[in-house]
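# Analysis of the macromolecular model
What follows is each chain in one-letter form.
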Amino acid sequence: SQYIQKFINETWLERYGSVLPQETLMLLWSLIVSVYCIGGMIGCLCSGYLTAKFGKKKCLLFNDVVVITATLHTGFSRRAKLFEMILVGRFLEGIGAGIHMNAHVQYAGEISPKKLRGFINVTSTVFLALGKTVARILGLRDLLGTEDMWNVLLSFSGLVALIQLLFLPFFPESPPYLLLQREDKAGCL
C-alpha cells in the first residue's frame, strides 16, 4: 500500500508540480481498494444474465479477457505513469471476480460426473483459499512485495486467466445450456 501511495504522490507531483494533500491521497487509496468490491458486485449481478445468454463456458472465456485487460492496466500503470490505470484495472478485476465466482462453480458442477459433483464444487473454495495464500506469499518483501515489483504482484492474476483462456476451449459446454438454450439433446450426452 505504501508503494502505491508513493507512486500516486510521485505521479501527481510530476504532473502538477505540487505534493498531493494527505486527505486526497487517502481518498485515492480508498478508491483503489474499494473499487474492486464495486466491480465485484456488478460482476455478480451480471453473471446470471451472461451465463444464461451466452453459456457458462463462453462467459468464462470472455471473463478471462476482462481479467487479462485488468491486469495489463495495473501492470503497465507505472510505465505509463498513470495511477488511474490502477483504478480501472481494479474495477475490471472486481467485475471478473464477481462473474467468475458464480459462473465457475456452476460450470464445474454441470460438466463433472455425478459421482464427483460435490467434490468438484468444493474445489472452487479450496483453490480460492490457495490463491489467497499464494498471493500473501508472493507479497512478501523478499519476493514481489517491493517498490520495484508491486505492479507485477497486482498483475499476477492475469497469468491464471491466460492459462484458463488457453485450455478452457477444449472443455465441453455445460449440458443445461446446450439443452435449454440451444435445444441440442445430442450435445448433452
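Residues numbered from 1 in each chain as written. Predicted model: local features only at pLDDT ≥ 70, side-chain atom pairs only at ≥ 80, totals over all residues. Heavy atoms only, no water.

In plain terms, the rule: UniProt positions are given in the numbering used here, feature names are shortened, and annotations may be inferred rather than shown by experiment.
An unreviewed UniProt entry annotates the protein as GTR11 protein originating from Rhagologus leucostigma. As stated in UniProt under Subcellular location (unreviewed entry), the record for the protein gives "Membrane".

## Some words on the side chain of T11
Test applied: Numbered from the N terminus, helices here are DSSP runs of H or I no shorter than four residues, and strands are runs of E no shorter than two. A simple rule labels every residue: compare its accessible area, found with a 1.4 Å probe on the protein chains alone, to the largest value its type can have, and call it buried under 20%, exposed over 50%, or partly exposed in between. Should any heavy atoms of two residues lie within 4.5 Å, those residues are counted as being in contact.
Mapped onto the elements of the fold, T11 is located in helix 1 (residues 2–16). Given the relative accessible area of 6%, T11 is considered buried. In this structure, T11 is in contact with K81 and F83, ignoring residues within four places of it in sequence.

## Section: the environment of E147
Cut-off, in case you're wondering: Whenever two N or O atoms come within 3.5 Å, that pair is a polar contact, provided that in protein one can donate a hydrogen and the other can accept it, and provided that, for residues adjacent in sequence, both atoms are side-chain atoms.
Relative to the assigned elements, E147 resides in the loop between helix 6 (117–138) and helix 7 (150–155). E147 gets classed as partly exposed once you look at its relative accessible area, which sits at 33%. Each C-alpha atom of the pair E147 and V160 lies 23 Å from the other, and the pair is 13 residues apart in sequence. Once residues lying within four places of it in the same chain are set aside, the contact partners of E147 are Y3, K6 and R78. Within polar-contact distance, the side chain of E147 engages the side chain of K6 at 2.7 Å.

## Thoughts on the nonpolar core
Keep this limit in mind: Throughout, nonpolar core names a set of buried Ala, Val, Leu, Ile, Met, Phe, Trp, Tyr and Cys residues whose side chains join them through atoms within 4.5 Å.
By size, the foremost hydrophobic cluster in this structure holds 14 residues, and its most contacted members are I4, I8, I32, I86 and W150. Elements with a contribution of two residues or more to this core: helix 1, helix 2 (22–54) and helix 5 (84–111). Broken down by element, this core gets its largest block of residues, 5 residues, from helix 2. When neighbours within four sequence positions are excluded, I32 is seen to be in contact with I4, I8, I86, L87 and R90.

## Here's the deal with the packing of aromatic side chains
How we decide: Each aromatic pair joins two rings of Phe, Tyr and Trp (for Trp, the six-membered one) with centres within 6.5 Å, and gets the label stacked for planes under 30 degrees apart, edge-to-face for over 60, and tilted for any other angle.
Applying the stated criterion across every chain, the model contains 2 aromatic pairs. When the ring of F7 is compared with that of W150, the centres are 5.4 Å apart and the planes differ by 50°; the resulting orientation is tilted. In this pair, F7 sits in helix 1 while W150 sits in helix 7, placing the two residues 143 residues apart along the sequence. Just as F7 is buried, W150 falls in that class too. Ring geometry for W12 against Y16: centres 4.6 Å apart, planes inclined by 55°, an arrangement best described as tilted. Within this pair, W12 and its partner Y16 are both found in helix 1, separated by 4 residues, close to a single helical turn. In this structure W12 comes out as partly exposed when scored by relative accessible area, which is 22%. For Y16, a relative accessible area of 51% gives the class exposed.

## Observations regarding a nonpolar patch on the surface
Definition in use: For patch detection, residues must exceed 30% relative accessible area and be free of salt bridges, and they are connected within 9 Å for like charges or within 5 Å for nonpolar side chains (Val, Leu, Ile, Met, Phe, Trp, Tyr). Each accessible area is a Shrake-Rupley estimate made with a 1.4 Å probe; only the visible protein chains count as cover when residues are assessed. The term salt bridge refers to a side-chain nitrogen of Lys or Arg lying within 4 Å of a carboxyl oxygen of Asp or Glu.
Residues F127, L130, V134, F156, L159, L162, I163, L166, F167, F170 and F171 make up a contiguous nonpolar surface patch of roughly 1100 Å² in combined accessible area. It is helix 8 (residues 157–167) that provides the largest number of residues to the nonpolar patch, a total of 5 residues. With respect to the helices, strands and loops of the structure, L130 is situated in helix 6.

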